[in-house]
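# Results of the structural survey
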Amino acid sequence: MNRIYLNKKIVPENKALVSVLDRGFLYGDGVYETLRAYKGKLFRPERHWQRLDHSLKSIYMQIPWSHAELTRACEKTVRANPHQECLVRLTISRGVGKVGYDPASCKKPTLVIFSLPVRNDMPELWRKGVSVAVAKVRRNHPLTLNPAIKCSNCLNGILAKIESLKSGAFEGIFFNLDGSLAEGTISNVFLIKNGVLKTPALDCGLLDGVTRSLVIEAAHNLKVPVRQTKIRGSEIYAADELFLTSTTMEILGVVAADKKKIGGGTPGPISQKLHAEVRQIIQRELKLPESFSTFS
Ligand code: PDD
């Protein structure tokens, strides 16, 4: 049974219980981060904590834990479970308080961390690529619930995910209310056209992905020109290459969008070079064996 970190204790999953009056449950009033551990070592936890700080500030919430304490709690969770290749999901809710939206009576945030093995078919997905579907539902406008906040209210993404599953696609892609590309339900989106790497600018309304920054860093290393810009729908279908990025997927090629073939119908050469560079960065930073860069 999975072992879970709950408010300072590691407990078995069936003992990891939170009050039904917790505002995370009642209102989605909380934030989260998903980190990746490779061979049990966390990748760039500090980068995740910077984003967590931004999310917390945006929802007017303070926590009593330092970055170092959060890192140690995640490491403890990883050590308490058998999987070394895992995602680490840290959730902080505003805790229990008087029922109603006013959070003033909430004195103790709830902290939950669990780890799960990464899906073992990733190498196959990287080789074959996946399909996406453009969702009818639009990404929240930044002046409503800003998608830059990694918050526990994920319904906007869940609705798009349900739509994409109905059409048989692996991932759903959001457009914003202005009609330009925003992001995937749990990923950022990149395309390559005529050798230029393009991704929606942050002000298109999206999460500032840790992997998004890593891919931009890899592109700089490889001297691939990068443009963070507005992307129209037609550009997706006309892309030479299209891919998704996230902590758990790294770089995942998209071979069809709304059932239309993208590029040659297989993950493209520049996407693959970027992925290899990303893996080398991870391998060097975490001092992993060199065989790590070969994707197996
Ligand atoms: N999802 N956009 C959204 C809406 C996301 O939920 C995620 C991450 C990303 C990619 O961000 P990063 O590269 O930092 O993982 C973009 C995580 C994996 C999750 O929901 O668990």
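Below: a short report on this structure. Being a predicted model, the structure only gives us computed values, none of them experimental.

Reading the values: the criteria
- Residues numbered from 1 in each chain as written.
- Predicted model: local features only at pLDDT ≥ 70, side-chain atom pairs only at ≥ 80, totals over all residues.
- Heavy atoms only, no water.
- Helix = DSSP H or I, 4+ residues; strand = E, 2+ residues; numbered from the N terminus.
- Rg over C-alpha atoms; globule rule 2.2 N^0.38 Å.
- Buried < 20%, exposed > 50% of the residue type's maximum accessible area, 1.4 Å probe, protein only.
- Contact = heavy atoms within 4.5 Å.
- Areas by Shrake-Rupley, 256 points an atom, 1.4 Å probe, with all protein chains shown as cover.
- Lys, Arg positive; Asp, Glu negative; His and termini not counted.
- Charge placed at Lys NZ, Arg CZ, Asp CG, Glu CD.
- Expected span 1.5 Å × (residues − 1).
- Arc of directions from axis to C-beta.
- Pairing = 2+ DSSP bridges.
- Axes fitted to C-alpha atoms, helices over the stretch in contact; angles between N-to-C directions.
- Core = buried A, V, L, I, M, F, W, Y, C linked by side-chain atoms within 4.5 Å.
- Near = heavy atom within 4 Å.
- Polar contact = N/O pair within 3.5 Å; in protein donor to acceptor, adjacent residues only side chain to side chain.
- Nonpolar A, V, L, I, M, F, W, Y, C, P; charged D, E, K, R; others polar.
- Salt bridge = Lys/Arg side-chain N within 4 Å of Asp/Glu carboxyl O.
- Parallel < 35°, antiparallel > 145°, perpendicular 65-115°, else oblique.

Okay, the overall build of the protein chain next. Helices and strands together make up the secondary structure of the protein chain, namely eight helices and 15 strands. Rg of the C-alpha trace for the protein chain: 19 Å, near the compact-globule value of 19 Å for 296 residues, within the 12% margin. Within the protein chain, the proportion of its 296 residues that are buried is 51%. A separation threshold of at least 6 residues defines the contact pool for the protein chain, and within that pool the share at least 24 residues apart is 68%. Counting every atom, the protein chain has about 14,400 Å² of accessible surface; 57% of that belongs to carbon and sulfur. Of the side chains in the protein chain, 43 bear a positive and 27 a negative charge, and the two mean positions are spaced by 2 Å.

Let's shift gears to the environment of isoleucine 270. Looking at where isoleucine 270 falls in the secondary structure, it is placed in helix H8 (residues 269-286). The sequence separation of isoleucine 270 and alanine 219 amounts to 51 residues, and the corresponding C-alpha distance is 9.5 Å.

Our focus in this paragraph is helix H3 (residues 67-79). Note: α-helices contain 3.6 residues per turn, so residues at a spacing of three or four share the same orientation. With 13 residues, H3 should reach 18 Å at 1.5 Å per residue; the first-to-last C-alpha distance of 18 Å fits that figure. Among the residues making up H3, those that are buried are Leu70, Thr71, Ala73, Cys74, Thr77 and Val78. In an axial view of H3, the angular spread of the buried residues amounts to 160°, which keeps them on one side of the axis. Away from its buried face, by an angle of more than 90 degrees, H3 presents the exposed residues Arg72 and Arg79.

Further remarks concern the sheet that holds strand E1 (residues 3-6). Read across the open sheet, the six strands follow the order E2-E1-E6-E5-E3-E4; overall the sheet is antiparallel. Bordering the open sheet on either side are strand E2 (9-12) and strand E4 (41-42), each of which pairs with just one other strand. Along the sheet face, helix H2 (residues 45-58) touches strand E3 (30-38), E4 and strand E5 (86-93) and points at about 175° away from the line of E3. Docked against the sheet, H8 engages E3 and E4, running at close to 85° with respect to E3.

Our focus in this paragraph is the nonpolar core. In terms of nonpolar packing, the biggest core is built from 24 residues, with Leu52, Val88, Leu90, Ile92, Leu111 and Ile113 touching the most fellow members. Breaking this core down by element, the ones donating at least two residues are E3, H2, H3, E5 and strand E6 (110-117). Not counting chain neighbours up to four residues away, the residues in contact with isoleucine 92 comprise Gly30, Val31, Leu52, Met61, Ile63, Trp65, Pro109, Thr110 and Leu111.

Glancing now at the pairing of strand E9 (residues 181-184). In summary, the side chains of a regular strand alternate between the two faces of the sheet. Where strand E8 (residues 171-175) lies against E9, three bridges are found, and the strand directions are antiparallel. Bridging from a neighbouring strand, phenylalanine 174 pairs with glutamate 183 of E9. Hairpin connection between E8 and E9: a loop of five residues separates the two successive antiparallel strands, and glycine 179 in this loop has a positive phi of roughly 85°.

Let us now look at the site of the ligand. Close to the ligand lie 18 residues; Thr34, Glu183, Val210, Thr211 and Thr247 are nearest. For the ligand, an oxygen atom lies 3.1 Å from a polar atom in the side chain of tyrosine 32. Measuring from a nitrogen atom of the ligand, one finds a backbone N or O atom of isoleucine 186 at 3.4 Å. Listed by contribution, the elements that provide at least two residues to the shell around the ligand are E3, E9, helix H6 (210-221) and strand E13 (241-246). Across the shell around the ligand, the residue classes tally to four nonpolar, 10 polar and four charged.

Before going further, it helps to examine the pattern of salt bridges. Within this structure, the stated rule accounts for 13 salt bridges. Between arginine 36 and glutamate 85 there is a salt bridge, with the nearest N and O atoms lying 2.9 Å from each other. Taken together, the residues arginine 36 in strand E3 and glutamate 85 in the loop between H3 and E5 connect sequence positions 49 residues apart. Taking relative accessible area as the criterion, glutamate 85 reaches 27% and is therefore assigned partly exposed. Taking the shortest distance from any N to any O, the salt bridge between arginine 44 and glutamate 285 comes out at 2.7 Å. Within this pair, whereas arginine 44 is found in the loop between E4 and H2, its partner glutamate 285 is found in helix H8, the two being separated by 241 residues in sequence. Judged by relative accessible area, which is 39%, glutamate 285 ranks as partly exposed. Three or more residues joined by partner-sharing salt bridges are found here, namely Arg23, Asp29 and Arg94.

A separate point is the side chain of arginine 36. Classification of arginine 36 as buried rests on a relative accessible area of 7%. A distance of 2.9 Å separates polar atoms of two side chains, one belonging to arginine 36 and the other to glutamate 85.

Looking now at the packing of H6 against H8. At a closest axis distance of 9 Å, the pairing of H6 and H8 adopts a crossing angle of 105°. On the basis of their axis angle, the class for H6 and H8 is roughly perpendicular. Across from Leu214, Val215, Glu217, Ala218, Ala219 and Asn221 in H6, the residues of H8 making contact are Leu274, Glu277, Val278, Ile281 and Ile282. Of the residues assigned to the contact of H6 with H8, the class counts are eight nonpolar, one polar and two charged.

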